[in-house]
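# Observations on the model geometry
Below are the chains, spelled out letter by letter.
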Amino acid sequence: MFASLSRFRRFLRSQQLVKWSFSLSPRSLANVASSQSERKTVIDTKLDNHSLSIQWEDGNARFHYLWLRHHCQCNSCVNPKTKQRTVDLTLIPKQMNPHDVHVDSKLLKIIWMDGHQTIFDVSWLKENAYDGGGLLCENQPETRFGSISHESDMTLWDRDAIAGKPPKEFLYRDIIANNKEVLQESLNDLFRFGFIFVNDTPTDEESTLKICQRIVGPIRETPEGRVYVIENKALKDSDLSHFSNALQGHTDFSFYNDPPGVQAMHCLHHYGTGGMSLLVDGFKAAKTLYQENPAAFQILSSFPLRFLSSHFFMQSQGTILELDPFTRALTRVRWNTSRFGPLTKLNLSFEEMEKLYQAIRLYGSIVRREENELWFKLTPGKVLLVDNRRVLHGRSAVQGPRKLIGYYVSMDDYIGKWKENRMKT
Ligand SMILES: [Fe+2]
Ligand SMILES: [Zn+2]
């Protein structure tokens, strides 16, 4: 079945390192789209004293022996039920070399010097090739500065886009009936638009909580408790939302190091005027910032600020635009200017402070452009779920008694559920 190469033994005999020169650089391999269907033939494999090189028709990559041994997928290295890696990295011998290597068009089989066997699908190795990347290299293949993580699964919007094609509104009874298709569709739409509505919901805490649990995941408590109650009575002094003032578009709990991923809001009653709700697509605004002033985008995604809650003695550090550390695509907007800590000791030069202010003010002005603002009235029975990583929410000043309740779900629970959901649909 396998064509035995036994190159390593020959290498040991010859004690000569093979010099490599490929027509394609390692980086070009990593750039190759890695779908299973695009299975390119392995032309050659070579071994030296610490790595194995694979040459495909369209590129090549090296793999450290330690990396290959560590990534073994056999049942003694990965628990077959939980898929957790059980190989003990510290116990892999320092000098772990192959005794024998076999390769065909699909599989690479390594018999290690201690007799352990490792089998890789060569297309998996190609997908996961790391040769040519690294922090010291410029133009990393995965660098997508200015882009948005999972952008193809999102519809970035402004006021006109939503007016032209409003997202579907869901019904409480369908959510509670555990209708699988509806639950999947609602979660997909939440990720796609950054918000959804669930109508005809009973005006009580329990029903609102159930929507959150069914669509997204377990409730995350805050210092305010399991349910977040906002009444414009100013009985609490923990947040401006408890007063009757207008609130600019913001994300919640910016002073957490891991702000919630989703917020559910339900206005149980309002006997008065004002209290219009506002949504703004913070990712769309970030994209506009990047298009209009890439340097400002760079500043807001590079310099961490402090966000404070003096009431809860909490403080977080983070950039306004948070990027994935691996891909550099935008993953979260943290936007609440009322929670900024003192802009001091930020590792900024005197000149950079000026640029930071310019960038913050530019993003703030984009967010407040009329064309980006979606205003509506949250009426009793209409539950709003908002992606708190992406979509900013706010309100106009409130007159008259109003009670709004809210629940939160963590970002990890939200994104995990969405990914699981996406696999199924
Ligand atoms: Fe809020
Ligand atoms: Zn193994």
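Everything quoted here is computed from the prediction, not taken from an experiment. Residue numbers run consecutively from 1 along every chain, following the written order of its sequence. Working convention: letters from A go to chains and numbers from 1 go to ligands, in the order in which they are written. Totals for whole chains, interfaces and linings use all residues, but because this is a predicted model, local features are given only for residues with pLDDT of at least 70 and pairs of side-chain atoms are given and counted only at 80 or more.

### Concerning helix 7 (residues 180–193)
Along its 14 residues, helix 7 runs 20 Å from first to last C-alpha, staying within 8% of the 20 Å computed at 1.5 Å per residue. Along helix 7, the positions that sit buried rather than exposed are V182, S186, L187, D189, L190, F191 and F193. Throughout, a residue-residue contact means that the two C-beta atoms, derived from backbone geometry, are no farther apart than 7 Å. Helix and strand assignments come from DSSP, with helices taken as H or I runs of at least 4 residues and strands as E runs of at least 2, each series counted from the N terminus. On the buried face of helix 7, the contacting elements are strand 8 (170–171), helix 6 (172–176), strand 9 (195–199), helix 8 (205–215), strand 20 (383–387) and helix 12 (411–424). G194 occupies a position one or two residues after helix 7 and carries a positive phi of about 85 degrees. To estimate how far a helix should reach, multiply one less than its number of residues by 1.5 Å. Here a residue counts as buried when 20 or more other C-beta atoms sit within 10 Å of its C-beta, as exposed when there are 12 or fewer, and as partly exposed otherwise, the C-beta atoms being derived from the backbone.

### Digging into the nonpolar core
Working definition: the nonpolar core is a set of buried Ala, Val, Leu, Ile, Met, Phe, Trp, Tyr and Cys residues, joined through C-beta atoms within 7 Å. Judged by nonpolar contacts, the single largest core of 66 residues is most densely connected at F195, A286, Y363 and L385. At six residues, the largest contribution of residues to this core is made by helix 11 (residues 350–367). Other than its neighbours up to four places away in sequence, L385 contacts L190, F195, I196, I215, V262 and A264. With 16 residues, the next largest nonpolar core counts F63, L68, L108 and F120 among its residues.

### A few points about unusual backbone geometry
Phi is positive for H150, close to 60 degrees, though the residue is something other than glycine. For F313, which is not glycine, the phi torsion reads 55 degrees and is therefore positive. With respect to the secondary-structure elements, F313 resides in the loop between strand 15 (305–309) and strand 16 (314–318). Classification of F313 by C-beta neighbours within 10 Å gives exposed; the count is 9.

### Description of the sheet that holds strand 2 (residues 42–47)
One key point about sheets: their strands pair by backbone hydrogen bonds, in either a parallel or an antiparallel sense. Strands qualify as paired when DSSP identifies two bridges or more between them. The three strands are arranged 2-3-4 in an open sheet whose pairing can be described as antiparallel. With one partner strand each, in any of the chains shown, strand 2 and strand 4 (59–64) form the two edges of the open sheet. Taken over all neighbouring pairs, the strand axes of this sheet differ in orientation by 15 degrees on average, direction set aside. Pairing between strand 3 (residues 51–56) and strand 4: six bridges, direction antiparallel. In the strand pairing of strand 4, Q55 is matched with N60. To define axes, lines are fitted to C-alpha atoms, for helices over the stretch in contact only, and angles between the resulting N-to-C directions are given on a 0 to 180 degree scale.

### Details of helix 9 (residues 282–292)
Summarising burial for helix 9: eight of the 11 residues are buried, a large majority. Among all positions of helix 9, only G282, F283, K284, A285, A286, T288, L289 and Y290 are buried. Buried-residue contacts for helix 9 involve strand 14 (277–281), helix 10 (294–300), strand 17 (321–323), strand 18 (330–333), helix 11 and strand 21 (391–395).

### Description of the pairing of strand 10 (residues 228–231)
In strand 10, alternate side chains face the same way, and those of Y228 and I230 are buried while those of V229 and E231 on the opposite face are not. Here strand 10 runs beside strand 23 (residues 402–409); their pairing, made up of four bridges, is antiparallel. Residue pairing for strand 23: Y228 is matched across the bridge by G406.

### Observations concerning the confidence of the model for the protein chain
Looking at the protein chain as a whole, the pLDDT averages 88, with 88% of positions reaching at least 70. Contacts for the low-pLDDT stretch residues 1–37, under 50 throughout, to residues beyond four places or in other chains number 60 contacts. You can read pLDDT as the predictor saying how much it trusts each residue, on a scale of 0 to 100.

### Structural notes on the sheet that holds strand 20
Read from one edge to the other, the open sheet built from six strands follows the order 8-9-20-12-23-10, with strand pairing classed as mixed. Among the strands making up the open sheet, the edge pair consists of strand 8 and strand 10. Summarising the sheet, strand 9 and strand 20 pair through four bridges and their orientation is antiparallel. Within the sheet, the bridge partner assigned to F197 lies in strand 20 and is L384.

### Some words on the packing of helix 7 against helix 12
Interhelical geometry of helix 7 versus helix 12 gives an angle of 120 degrees and a closest axis separation of 10 Å. As summarised for this structure, helix 7 and helix 12 are arranged oblique, according to the angle between their axes. Seen from above, helix 7 lies across helix 12 with left-handed handedness. Listed contacts from helix 12 to Q184, L187, N188 and F191 of helix 7 are K417, W418, N421 and K424. Note that Gly is not counted as nonpolar here; it falls among the polar residues with everything else outside the nonpolar set of Ala, Val, Leu, Ile, Met, Phe, Trp, Tyr, Cys and Pro and the charged set of Asp, Glu, Lys and Arg. The residue makeup of the contact of helix 7 with helix 12, split by class, is three nonpolar, three polar and two charged. For classification purposes, an angle smaller than 35 degrees is called roughly parallel, one larger than 145 roughly antiparallel, one from 65 to 115 roughly perpendicular, and anything else oblique. Two helices crossing with the near one rotated counterclockwise from the far one by less than a right angle form a left-handed crossing, whereas a clockwise rotation gives a right-handed crossing.

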